[in-house]
Amino acid sequence: MRSIDIHAHVTPQAFIQAMKEGREWHSLEPRPLDIEPELEWTPEQRIQDMNSLGVDVQVVSTGAQFYFYGREAQTIATMHRECNDEVRQMTLDYPERFRGFAQIPMQDVGLAIAELERSVNELGLIGAMIDDKVNGKTFDEPEFLPLWKAAEQLGAVIFIHQGGGTLVRPRTSDYHLPNSVGNLVDRAVTFASFVMGGVMDACPDLKVCLAHGGGYACYGVGRMDRSWDVGRLPQIPQPPSAYLSRFYYDCLTHSETALRMLIDLAGIDKVVFGTDWPFDMAIDWPVAWVLGLESLTQDEKEAILWKNMEKLLGVDG
Amino acid sequence: MRSIDIHAHLTPQCFIQAMREGREWHGVKPGEMRVGPRNSWTPEQRIDDMDSLGVDVHVVSTFSFYYYYERDAQVISAMHRECNDEVYQMTVDYPDRFKGMAIIPMQDVGLAIAELDRTVNQLGFVGAMIDDHVNGKTYDDPEFMPLWKAAEQMGAVLLVHQQGGRTLVRDRNPRYHLHNTIGNLVDRAVTFASFVFGGVMDACPDLRVCLCHGGGYTCFGAGRMDRGWQVRSEARVNIAQPPSAYLDKFYYDCLTHSEPALRMLIDTVGIDKVIFGTDWPADMAIDWPVSWILGLESLTMGEKEAILYKNMERLLGI
């Protein structure tokens, strides 16, 4: 049994070093490090933990706290290049254990395309992880279309993962709800923005993977369909639910019934293994969790754990 | 087969009359609010439509546009009394077809309790419909506790329903009707969480809260709330059980626009907690709601009857 984790984060060693030495790093002022201990681990320590969890491969993404879309684009483009080079080094040192996602400076679509191109074509990364929004803009904004076209042409996977400040925050910051509800609603809005903005029609081969099981997208699509039924979405030729199978989703639902519903609505070939390593909101024993789910067949478990991801990566022969 | 619809709205005739006559109405200026054709129907026209839909009883709630929690409490209190009196008259004129759901001025908890008390104990209402928040405050705020205690003591049902257009989604993407299609559902999940994580359901074990739109994303998303409760101390300050343990403390209408979602709701919260609700007369309502329920292949006849009327009769004590 193999397992490939699409949702696993890394904090750049270059950043850690700079902070420890009290140096500025791409406009970040030196400050005491306040990160999970695992995020300081070397690749070798990380591999030991992966071994204990039964995870064969991590598709490593530089953490969402490094998006910095609100800062100056050139500065962040340089930061992201350094992040991506470090991820690439992990994939070179341990090609059997690591694949990589890029960070790209979404505040400047031209620079974002350039870095996506470099990361995919020169560094061999599989795509890029991006936020649900860019300085208040959602992905139906026409200014992003060149990026989706470029990603489609590159065969890159666009992995959607919030970067703080979810939609729940203005109502409450208590009880961890900005994460436990906020991540999931942000993902539903991103699904809707791609679909209702016509992006999925304009880019039929675009590969978008929605983290956290796509959030509320699959459960809530019936109400989106209703708004299409009553004529509120004239710009798309099919109801939103027809687009569910156009996306990929990680399995990070924290609920067997929710995962079962996701599989039934999106299709088993669209659900990939993702754990959110090493955060406290991750699945504790992710491979064991998937393998132990009574409502999934063995084939479905294998599809999630590695087969779908191998297809997505084009390594299935 | 009977059917009792807990989610059916009213635009008050007293408001429509004032607007037609060009009169200001409790601070609402003529022309301030648009009224659709079905919203201005008389009770008799409404009953004709209910007959065609196979709906026996509407639990009638004054539309959420009339919450006006941000306006002066005394003015809105008087508005709400007039709305509630009109709903009461409908229940008097057609006792077999209408039950009442009050609107109460949540910006002043004392006035809200007084109007809930009047409507439930004097007018025979089921309870009150309220927003997901009051001027930004969620229901874990201690200032609302006296209201929950009063509602619990009266046996009143609190029906939670957003104010149109003002949900959490609007600030992210104002297009595609998402403030409604996603916004209503996330607002309801946050309200569930506020009641639960805030300790209200523990403090008021007999409080009856019904979450509109099937409780939104609550049942699907409870797994991640549970995980948050497991790993984050700030999620455990008020409750000793994971949030999913509270799912069956609430009632939910059946307005999911999805058979698998409704099936999951039933399986997660229990069939005795799901009641019939249609959102009449909005365009986001279920078109043929009774037929829709009766035609669902994944529900047993016993489950369909529980949803259509049995659960609601139990809730109403009839």
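Everything discussed here concerns the structure shown above.
Residues numbered from 1 in each chain as written. Chains lettered and ligands numbered in written order. Predicted model: local features only at pLDDT ≥ 70, side-chain atom pairs only at ≥ 80, totals over all residues.

S.K.: Mind showing me how you'd approach the overall build of chain B here?
M.R.: Along chain B, the regular secondary structure elements total twelve helices and eight strands. Taken against the 2.2 N^0.38 rule, which gives 20 Å for 318 residues, the C-alpha radius of gyration of chain B at 19 Å falls within 12% of a compact globule. Seen through its principal axes, chain B has C-alpha atoms that stretch 60 × 45 × 40 Å. Long-range contacts, defined as pairs at least 24 residues apart, comprise 75% of the intrachain contacts of chain B with a sequence gap of at least 6. (Helix = DSSP H or I, 4+ residues; strand = E, 2+ residues; numbered from the N terminus. Rg over C-alpha atoms; globule rule 2.2 N^0.38 Å. Contact = placed C-beta atoms within 7 Å.)

S.K.: Would you mind showing me how to read the overall build of chain A here?
M.R.: A count of helices and strands for chain A gives twelve helices and eight strands. In terms of overall size, chain A behaves like a compact globule, its C-alpha atoms giving a radius of gyration of 19 Å where 317 residues would be expected to give roughly 20 Å. For chain A, the spread of C-alpha atoms along the principal axes amounts to about 60 × 45 × 45 Å. For chain A, contacts bridging at least 24 residues in sequence account for 74% of all contacts bridging at least 6.

S.K.: Any chance you could explain the sheet that holds strand β5 (residues 157–160) of chain B here in plain terms?
M.R.: Either a parallel or an antiparallel arrangement is found when strands of a sheet pair, and the pairing is made through backbone hydrogen bonds. Residues and elements named next belong to chain B. Here eight strands make up an open sheet; going across it, the order is β1-β2-β3-β4-β5-β6-β7-β8 and the pairing parallel. This sheet does not close on itself; its edge strands, each paired only once, are β1 (4–10) and β8 (274–275). Against the sheet, helix α3 (residues 73–93) engages β1, β2 (57–62) and β3 (98–103), with an angle of about 175° to β3. (Pairing = 2+ DSSP bridges. Axes fitted to C-alpha atoms, helices over the stretch in contact; angles between N-to-C directions.)

S.K.: What should I look at first to understand the interface of chain A and chain B in this one?
M.R.: In many analyses, interface size is given as the accessible surface area lost on bringing the parts together. The interface is formed by 43 residues belonging to chain A together with 42 residues belonging to chain B. Taken together, the elements giving at least two residues each to the side of chain A that touches chain B come down to α6 (177–180), α7 (182–196), α9 (217–229) and α10 (256–266) of chain A. When the residues that make up the side of chain A that touches chain B are grouped by side-chain class, the tally is 21 nonpolar, 13 polar and nine charged. (Nonpolar A, V, L, I, M, F, W, Y, C, P; charged D, E, K, R; others polar.)

S.K.: Looking at this structure, I do not really get helix α10 (residues 259–269) of chain B. What am I missing?
M.R.: It helps to recall that an α-helix has 3.6 residues per turn; residues three or four apart then point in one direction. The complete set of buried residues in α10(B) reads B:A261, B:L262, B:M264, B:L265, B:I266, B:T268 and B:V269. Contacts made by the buried residues of α10(B) are with α9 and α10 of chain A together with α9 (218–231), β7 (251–253), β8 and α12 (301–316) of chain B. With its phi angle positive at about 105°, B:G270 sits one or two positions after the end of α10(B). (Buried ≥ 20, exposed ≤ 12 C-beta atoms within 10 Å, placed from the backbone.)

S.K.: Mind showing me how you'd approach the sheet that holds strand β4 (residues 127–130) of chain A here?
M.R.: Residue and element names in this part refer to chain A. Across the sheet, eight strands lie side by side as β1-β2-β3-β4-β5-β6-β7-β8; this open sheet has parallel pairing. Looking at strand neighbours, the two that pair on one side only are β1 (4–10) and β8 (271–272), the edges of this open sheet. Here two bridges tie strand β7 (residues 248–250) to β8, and the two strands are oriented parallel to one another. Residue D250 lies in a different strand from β8, and its bridge partner there is V272.

S.K.: When you look at the environment of A:V109 in this model, what are you seeing that I'm missing?
M.R.: Residue and element names in this part refer to chain A. Among the structural elements, V109 can be located in helix α4 (residues 109–122). We classify V109 as buried; it has 20 C-beta atoms within 10 Å. Between the alpha carbons of V109 and L210 there is a distance of 20 Å; along the sequence they are 101 residues apart. What V109 contacts, discounting residues up to four positions off in sequence, is E143, F144, P146 and L147.

S.K.: Would you mind showing me how to read α3(B) here?
M.R.: All names here are of chain B. Here α3 spans 30 Å end to end across 21 residues, near enough to the 30 Å set by a 1.5 Å rise per residue. Taken together, the buried positions of α3 are occupied by I76, S77, M79, H80, R81, C83, N84, V87, Y88, M90 and T91. Of the surrounding elements, those touching the buried residues of α3 are β1, α2 (43–53), β2, β3 and α4 (109–122). (Expected span 1.5 Å × (residues − 1).)

S.K.: What exactly am I supposed to notice about the nonpolar core here?
M.R.: Generally speaking, a soluble globular protein has its nonpolar side chains buried in company with each other. In terms of nonpolar packing, the biggest core is built from 205 residues, with B:V186 and B:C210 touching the most fellow members. Residues in contact with B:V186, not counting those within four places in the same chain, are A:L167, A:V181, A:V185, B:T167, B:L168, B:V169, B:G216 and B:Y217. (Core = buried A, V, L, I, M, F, W, Y, C linked by C-beta atoms within 7 Å.)

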